[in-house]
Amino acid sequence: MSENQTRAGVAAVIGAPNAGKSTLVNRLVGQKVSIVTHKVQTTRFPIRGVMMRGDTQIVLVDTPGIFDPGKRLDRAMVRSAWGGLEGADAIIHLVDAAGWIGSGGERENDLRVIERLKAEGKTVALALNKIDLVERPKLLAATQQLFDQGVYSDVLMISAETGDGVDMLADYLVKRMPEGPFLFPPEQSSDIPARLLAAEVTREKLMLRLHQEIPYQLAVETEEWERRRDGSVRIGQLIHVSREGHKRIVLGKGGEAIKAIGSAARAELRQVLDCEVHLFLRVRVTERWQEMREMYSSIGLDFDA
Ligand SMILES: Nc1nc2c(ncn2[C@@H]2O[C@H](COP(=O)(O)OP(=O)(O)OP(=O)(O)O)[C@@H](O)[C@H]2O)c(=O)[nH]1
Ligand SMILES: [Mg+2]
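Residues numbered from 1 in each chain as written. Chains lettered and ligands numbered in written order. Predicted model: local features only at pLDDT ≥ 70, side-chain atom pairs only at ≥ 80, totals over all residues. Heavy atoms only, no water.

Q: Provide a residue-level description of the environment of Ala-76, including the pertinent values.
A: Turning to its location among the elements, Ala-76 is positioned in helix α2 (residues 72–83). Through-space distance from the C-alpha of Ala-76 to that of Asp-302 is 5.6 Å; in sequence the pair is 226 residues apart. What Ala-76 contacts, discounting residues up to four positions off in sequence, is Tyr-296, Leu-301, Asp-302 and Ala-305. (Helix = DSSP H or I, 4+ residues; strand = E, 2+ residues; numbered from the N terminus. Contact = heavy atoms within 4.5 Å.)

As structure tokens, then:
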């Protein structure tokens, strides 16, 4: 390799819902490019985050969690997750160590991923995540069980939350990247357009605040984006909910819920965009948004999955 030769490639992160994929990608990128919540099925479409390490550029693909999909949106999400592996130079299977060890039947989705990876026959590294939650002996037993599945070339133990082991994972990825020119300008941190990122930020605040089925039955669209002369941005967003009852809950008594959601989203957007943000949220009942083709194409999902 000549001295100034750069390396660049794609590393995909796949795993069950809630494994910590988005947390890991954000940490590796060093910036929040993908939203995170304690709820399953937070990420709905693959998001690319760009990580630089010396002369190597790694395009990380954060993917939606793998589960047994029922509805159209679920199917589209799962299909897009597997699609995120195409052309990847490295694949990380992220497993929630605490979930694997626990008795809550959480292995099912991990095993689903393992079966498919076996069938695809690709080189895959296991990253056992959330090691901060697990005692060492149990962790070693879990590692052995997973390694015995016969799909992994390497095993890494990490905590995406604390950063423990993440440097080693980054070193592993660097080694797998081929020589070649950068795929993105080095200063770019993700491929997600600002309008979509802004919608995701609001969706994160909605998911954090709302319960049961409501987070899964809403979508956020940025309708308006206006840069003002004073340098501030005016953002108008539409929250689609599927029922009148959901709308009432999203608004809250006297509009108190939507107000809190809006102010949390605005605070984060201000940071992300590094300017004053005026955020206007509207809530609309769009009963069948999950059956509307344009709701899928706008986030790059396959409606016919
Ligand atoms: N204790 C602990 N929590 C973690 C760790 N990594 C992620 N989490 C938490 O796990 C939850 C899920 O994290 P996400 O990054 O949203 O998980 P995901 O795999 O992207 O989830 P989906 O997008 O729903 O598939 C969040 O509450 C994170 O804060 C970790 O290493 N340790
Ligand atoms: Mg995610």
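Q: Pulling in residues and values, what's your account of unusual backbone geometry?
A: For Gln-212, which is not a glycine, the phi torsion comes out positive at approximately 50 degrees. By the element assignment, Gln-212 lies in the loop between α7 (194–209) and β7 (218–227). Residue class for Gln-212 comes out exposed when judged on its relative accessible area of 67%. The phi dihedral of Asp-274 is positive, around 55 degrees, even though this residue is not glycine. When you line up the elements, Asp-274 lands in the loop between α9 (256–273) and β9 (277–285). Judged by its relative accessible area of 69%, Asp-274 falls in the exposed class. (Buried < 20%, exposed > 50% of the residue type's maximum accessible area, 1.4 Å probe, protein only.)

Q: So, the pattern of salt bridges: which residues are in play, and what are the values?
A: Scanning the entire structure with this criterion turns up 21 salt bridges. The residue Asp-191 makes a salt bridge to Arg-48 at a minimum N-O spacing of 3.2 Å. Separated by 143 residues along the polypeptide, Asp-191 in the loop between α6 (166–176) and α7 and Arg-48 in strand β2 (residues 47–53) bring together distant segments of the chain. Owing to a relative accessible area of 30%, Asp-191 belongs among the partly exposed residues under this scheme. Among the salt bridges present, the one from Lys-205 reaches Glu-204, with a minimum N-O distance of 2.6 Å. (Salt bridge = Lys/Arg side-chain N within 4 Å of Asp/Glu carboxyl O.)

Q: Run through the coordination of the magnesium ion (ligand 2), naming residues and quoting values.
A: Taken together, the protein ligands of the magnesium ion (ligand 2) are Ser-22 (OG) and Thr-43 (OG1), with distances of 2.0 to 2.1 Å. Taken as a pair, Ser-22 in helix α1 (residues 21–29) and Thr-43 in the loop between α1 and β2 lie far apart in primary sequence, 21 residues in all. On the accessibility criterion, Ser-22 (8% relative accessible area) is buried. (Donors = N, O, S within 2.8 Å, 3.2 Å for Na, K, Ca; no water.)

Q: Just give me the short version of the domain arrangement of the protein chain, but keep the residues and values in it.
A: As far as domains go, the protein chain holds domain 1 (7–176) and domain 2 (194–297). Relative placement of domain 1 and domain 2: their C-alpha centres are 28 Å apart. Contact residues are listed per partner, giving 18 residues for domain 1 and 21 residues for domain 2. Buried area between domain 1 and domain 2, summed over both chains or domains, comes out near 1600 Å², and the portion from carbon and sulfur atoms is 54%. Contact with domain 2 buries surface across domain 1, with Ile-35, Lys-39 and Arg-44 losing the most and accounting together for 36% of the total. Viewed at the interface, domain 2 and domain 1 are joined by three salt bridges. Of the charged contacts, one joins Lys-32 and Glu-204 as a salt bridge, the two residues approaching to 2.7 Å between their closest N and O atoms. In this assembly, domain 1 and domain 2 are joined by eleven residue pairs in polar contact (both at pLDDT 80 or more). Counting residues per element, the side of domain 1 that touches domain 2 draws most heavily on α2, which supplies three residues. Each residue belonging to the side of domain 1 that touches domain 2 can be placed in one class, and the counts come to eight nonpolar, five polar and five charged. (Domains from an automatic or database assignment. Buried area = accessible area lost by both parts, 1.4 Å probe. Polar contact = N/O pair within 3.5 Å; in protein donor to acceptor, adjacent residues only side chain to side chain. Nonpolar A, V, L, I, M, F, W, Y, C, P; charged D, E, K, R; others polar.)

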